[in-house]
Amino acid sequence: MYVDAPNKTIEAANGVTYAYRRCGTSHSPPLLLLQHFRGTLESWDLALVDALAAERDVIAFDNAGVALSTGQVCHTVRDLAGDTLAFMTALGLSQVDVLGHSMGGFTAQEMALLRPRSVRRLVLAATAPRGAPGVHGYTENVLAHAVYDPPGAENYLYTFFSHTGTSQRSGLEFFGRYIEREHERDLPVTAAARDAQYDAVAEWGVPDHGALQRLEGIRQPVFVAGGDHDSVIPPHVFHLLGGLLPDVRVKIYPDSGHGFLFQHHQEFARDVLDFLS
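All figures in this text were calculated on a predicted structure; none of them were measured in a lab. (Residues numbered from 1 in each chain as written. Predicted model: local features only at pLDDT ≥ 70, side-chain atom pairs only at ≥ 80, totals over all residues. Heavy atoms only, no water.)

Draft legend 1. Layout of the sheet that holds strand β4 (residues 57-61). One open sheet holds the 8 strands; their spatial order is β1-β2-β4-β3-β5-β6-β7-β8, and the pairing between them is mixed. Among the strands making up the open sheet, the edge pair consists of β1 (8-11) and β8 (248-253). With direction set aside, neighbouring strand axes in the sheet form an average angle of 25 degrees. Pairing analysis gives 3 bridges linking strand β3 (residues 31-34) to β4, with the strands arranged parallel. Residue pairing for β4: Leu-31 is matched across the bridge by Val-58. (Pairing = 2+ DSSP bridges. Helix = DSSP H or I, 4+ residues; strand = E, 2+ residues; numbered from the N terminus. Axes fitted to C-alpha atoms, helices over the stretch in contact; angles between N-to-C directions.)

Set out below in structure tokens:
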């Protein structure tokens, strides 16, 4: 179970020592989880990871300069992709399936373009293509919660869950799981790492209609998923991804926001496993 998965480290050829956790069943290729803005090893929903790990070899890690990993934090998505590929190489992984959440979905797309053979299938959760309209940074109200330091339950509830009673209750349940692990917890993201990551988010979102054509280069099967009330990434962008990727399926989950995969963790895990198989 992810709650008991030990923190492991591995040193890559770039000199970075990466912190990671690995759990689940023996399966090739493994499923690599790529984190959202300010996310750490703790930010993955225990229930979601356990459901995925019932059938998959699941790996979560901290990028360079984030939490327990050493090195300089990445300021662009292209650097995040290169950093992720360096971690894969250190683990001896030539190919993975990828589940990228939000900023992690940016990284997943860039990986698939930079080194196509490294990615078999992609799950893009609550994310956007480079240059899409309406994703150049977060709105002021979302940003106020997203960068709040230290983040509290109210910030998670505002940012990741729809502002309805049902979704907010799901958010409280998620937060209860979030604090379940008591030992060997990951470190919080520093202010410097937070700001560098936001540079990457903003640069990715600079309006650029031509950048959207890059999606034609992603030939792998893709599952695009999102919540119908996402306040971080506008839901219309999920349909934009669906219209531009050559081999894609799209699913929108009801009454949910940026953390739809935590609110609908059982259904989403089933959908992911079905897609990957």
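Further notes follow.
Draft legend 2. Representation of the packing of helix α3 (residues 103-114) against helix α7 (residues 191-204) in the model. Here α3 crosses α7 at 65 degrees, and the two axes come no closer than 11 Å. The crossing of α3 and α7 is left-handed. Contacts between α3 and α7 pair Met-103, Phe-106, Gln-109 and Glu-110 from the former with Gln-197, Val-201 and Trp-204 from the latter. A class-by-class count of the residues in the contact of α3 with α7 yields 4 nonpolar, 2 polar and 1 charged. (Left-handed = near helix turned anticlockwise from the far one by under 90°. Contact = heavy atoms within 4.5 Å. Nonpolar A, V, L, I, M, F, W, Y, C, P; charged D, E, K, R; others polar.)

Draft legend 3. Examining the side chain of Asp-45 more closely. You can see Asp-45 is positioned in the loop between β3 and α1 (46-53). Asp-45 sits in the buried class, given a relative accessible area of 1%. In terms of polar contacts, Asp-45 uses its side chain to reach the side chain of Arg-177, at 2.7 Å. Once residues within four sequence positions are removed from consideration, Asp-45 is found in contact with Phe-174, Arg-177, Phe-262 and His-265. (Buried < 20%, exposed > 50% of the residue type's maximum accessible area, 1.4 Å probe, protein only. Polar contact = N/O pair within 3.5 Å; in protein donor to acceptor, adjacent residues only side chain to side chain.)

Draft legend 4. Representation of the pairing of strand β5 (residues 96-101). With respect to burial, β5 is a largely interior element, 6 of its 6 residues being buried. Pairing of β3 with β5, which is carried by 4 bridges, proceeds in the parallel orientation. Counterpart to Leu-34 in the pairing with β5 is Gly-100. As defined by bridge partners, β5 adjoins strand β6 (residues 119-125) across 5 bridges and the pair is classed as parallel.

Draft legend 5. Representation of empty space enclosed by the protein in the model. Enumeration over the complete set of coordinates arrives at 3 cavities of 30 Å³ or more. The calculated volume of the largest cavity comes to roughly 110 Å³. Along its surface, the largest cavity is lined by 16 residues, and Gln-35, Phe-61, Asn-63, Met-103 and Gln-197 are the ones closest to its centre. Going through the elements one at a time, β3, α2 (77-91) and α3 are the ones with two or more residues in the lining of the largest cavity. Among the elements that make up the lining of the largest cavity, the one with the highest residue count is α3 (3 residues). Here the lining of the largest cavity is built from residues that sort into 6 nonpolar, 9 polar and 1 charged. Space inside the second largest cavity adds up to approximately 60 Å³. In terms of lining, the second largest cavity is formed by Phe-106, Gly-134, Val-135, Gly-137, Tyr-138, Val-201, Trp-204, Gly-205, Val-232, Ile-233 and Pro-234. Of the residues belonging to the lining of the second largest cavity, the class tally is 8 nonpolar, 3 polar and no charged. (1 Å grid on protein atoms, 1.4 Å probe; cavity = no way out; pocket = protein on both sides within 12 Å on 5 of 7 lines; lining within 4 Å. Points joined across faces, edges and corners; volume = space filled by probe spheres on them.)

Draft legend 6. Molecular detail of the nonpolar core. Residues Tyr-18, Phe-87 and Tyr-138 are the most contacted members of the largest nonpolar core, which totals 53 residues. Here this core takes 8 residues from α2, the largest share from any one element. Beyond its immediate chain neighbours, meaning those up to four positions away, Phe-87 contacts Ile-10, Tyr-18, Tyr-20, Leu-32, Ile-59 and Phe-61. Core analysis: the second largest hydrophobic core is formed by 38 residues, Leu-52, Ala-53, Val-123 and Leu-276 among them. (Core = buried A, V, L, I, M, F, W, Y, C linked by side-chain atoms within 4.5 Å.)

Draft legend 7. Looking closely at the pairing of strand β2 (residues 17-24). Sheet topology places β1 next to β2; 4 bridges connect them, and they run antiparallel. Looking at the pairing, Glu-11 lines up with Thr-17 of β2. The hairpin turn running from β1 into β2, its antiparallel successor, is 5 residues long, and Gly-15 in that turn takes a positive phi close to 90 degrees.

Draft legend 8. The pattern of salt bridges, seen in detail. One pass over the structure, following the stated rule, counts 14 salt bridges. Note that Asp-97 and Arg-120 form a salt bridge whose closest N and O atoms lie 2.9 Å from each other. Of this pair, Asp-97 sits in strand β5 while Arg-120 sits in strand β6, placing them 23 residues apart in sequence. Note on Asp-97: relative accessible area 0%, which makes it buried. Linking Arg-194 and Asp-195 is a salt bridge whose minimum nitrogen-to-oxygen distance equals 3.0 Å. Of the residues examined, Asp-195 reaches a relative accessible area of 38% and is grouped as partly exposed. Bridged by salt links that share partners, the residues Arg-21, Glu-42 and Arg-185 form one connected network. (Salt bridge = Lys/Arg side-chain N within 4 Å of Asp/Glu carboxyl O.)

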